[in-house]
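# Summary of the model geometry
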Amino acid sequence: MKQRLQQNQTSQTGQVQQQTGAQRREFSEAEEVIRADREQTAPPGSLGERLAESIASEPAPPAKPWWKRLFG
Amino acid sequence: MELQPEPSAPAPPAPAAPLPADFAAIYETHSQQIFYLALRLLGDPTQAEDATHDVFMKAWRNLGGFRGEAEVRTWLYRITLNHCSNLRSSWHARNVHTQSDETVFETAAGAADSPFRNVEMSELGQRIRTALGELPEEYRVLLLLVADQELSYDEISQLTQQSTDAVRGKLHRARKAFGNAFRKSA
């Protein structure tokens, strides 16, 4: 039983190491590193909802003044 | 006999109001870049979330003054840079020791080998945060902006209020400084 547990642990560790190994990358420049980081960094999902609530409680954005509507 | 709803049954939660369609499209397209810029400038996810919210609220309030689709990203970046700069100027002066001696980065050893080899992706965010934290703010901003391939050098020079030649020169030093700081962060 104990042996089986150890085997399981070993195989799990092996998987983690494999996954970790597969997640290594090489970059050529600073910007590329930053872009890769940005791609894996998403804003929190609740942020859009929070923003929608804030906007719903705001008065409508001011319309263009009359002279802008007339003359662009 | 009519069935009455149970008085104790809780009312279903009101659905959240969706974003107005045009603005939702702007949010969908640009929120990741804006959140990331705020995150790496402020260094804290909660502050970055609040800043992103505030940036889009400012954009919403000033939508009438916006001049065209091609400038949305630049416009949002400008709001973000100003907002984060205001937040940092009060907090930064009190809490952070800035490393002002650029020669630390210029003369750091190990220039022969690329610092960006064999990078463990799960550590990437932490290492970038550490490395950017070592840089002067101006370098940090320039690197974050130039990482956006949709921004031209002209737009970056406008956003940072300097000539394109100055941007190019500083970017050269910023890349070198970042590489050295990134290597040290391993």
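Values in this document were obtained by computation on a predicted structure and should not be read as measured data.

Definitions and limits used
Residues numbered from 1 in each chain as written. Chains lettered and ligands numbered in written order. Predicted model: local features only at pLDDT ≥ 70, side-chain atom pairs only at ≥ 80, totals over all residues. Heavy atoms only, no water. Salt bridge = Lys/Arg side-chain N within 4 Å of Asp/Glu carboxyl O. Buried < 20%, exposed > 50% of the residue type's maximum accessible area, 1.4 Å probe, protein only. Helix = DSSP H or I, 4+ residues; strand = E, 2+ residues; numbered from the N terminus. Axes fitted to C-alpha atoms, helices over the stretch in contact; angles between N-to-C directions. Parallel < 35°, antiparallel > 145°, perpendicular 65-115°, else oblique. Left-handed = near helix turned anticlockwise from the far one by under 90°. Contact = heavy atoms within 4.5 Å. Nonpolar A, V, L, I, M, F, W, Y, C, P; charged D, E, K, R; others polar. Phe/Tyr/Trp six-rings, centres within 6.5 Å; stacked < 30°, edge-to-face > 60°. Buried area = accessible area lost by both parts, 1.4 Å probe.

Side-chain pairing between opposite charges can occur once the charged atoms of the two side chains come close. Residues and elements named next belong to chain A. A complete count under the given rule lists 13 salt bridges over all chains for this structure. Put simply, Arg-35 and Glu-29 hold a salt bridge, and the shortest N to O gap is 3.8 Å. Overall, Arg-35 belongs to the buried group, its relative accessible area being 12%. A relative accessible area of 32% means that Glu-29 is categorised as partly exposed.

Comment: phi is negative for the bulk of residues other than glycine, and the bulk of peptide bonds are trans. All names here are of chain B. Residues other than glycine seldom take positive phi values, yet Asn-118 does so here, at roughly 55°. In this fold, Asn-118 is placed in the loop between helix H4 (103-106) and strand S1 (119-120). Backbone geometry at Gln-161 places phi at a positive 55°, although glycine is not the residue there. With respect to the element layout, Gln-161 can be found in the loop between helix H7 (153-159) and helix H8 (164-184).

All right, on to the packing of helix H2 (residues 30-39) of chain A against helix H5 (residues 124-133) of chain B then. Here H2 of chain A crosses H5 of chain B at 130°, and the two axes come no closer than 10 Å. Taken together, the axes of H2 of chain A and H5 of chain B lie oblique to each other. For H2 of chain A against H5 of chain B, the interelement crossing comes out left-handed. Listed contacts from H5 of chain B to Val-33, Ile-34, Ala-36 and Asp-37 of chain A of H2 of chain A are Leu-124, Gly-125 and Ile-128 of chain B. Looking at the contact of H2 of chain A with H5 of chain B residue by residue, the class counts come to five nonpolar, one polar and one charged.

Residue and element names in this part refer to chain B. One pass over the full model with this rule turns up six aromatic pairs over all chains. Look at Tyr-27 and Phe-56: their rings are 5.1 Å apart centre to centre, the planes differ by 70°, and that puts the pair in the edge-to-face class. Here Phe-56 lies in helix H2 (residues 45-61) and Tyr-27 lies in helix H1 (residues 21-42), a separation of 29 residues in the sequence. Through a chain of ring-to-ring contacts, the aromatic side chains of Phe-23, Tyr-27, Phe-56 and Trp-60 assemble into a single cluster.

Let's shift gears to the interface of chain A and chain B. You'll often see interface size given as the accessible area lost when the parts meet. Residue-level contacts link 38 residues of chain A with 43 residues of chain B. In total, about 3,800 Å² of surface goes out of reach between chain A and chain B, with carbon and sulfur atoms giving 62% of it. By the criterion of area lost to chain B, the three top residues of chain A are Ile-34, Arg-38 and Leu-51 of chain A, representing 17% of everything that side buries. Linking chain A with chain B are seven salt bridges, by the criterion used here. The closest approach of N and O atoms between Asp-50 of chain B and Arg-50 of chain A, which form a salt bridge, is 3.0 Å.

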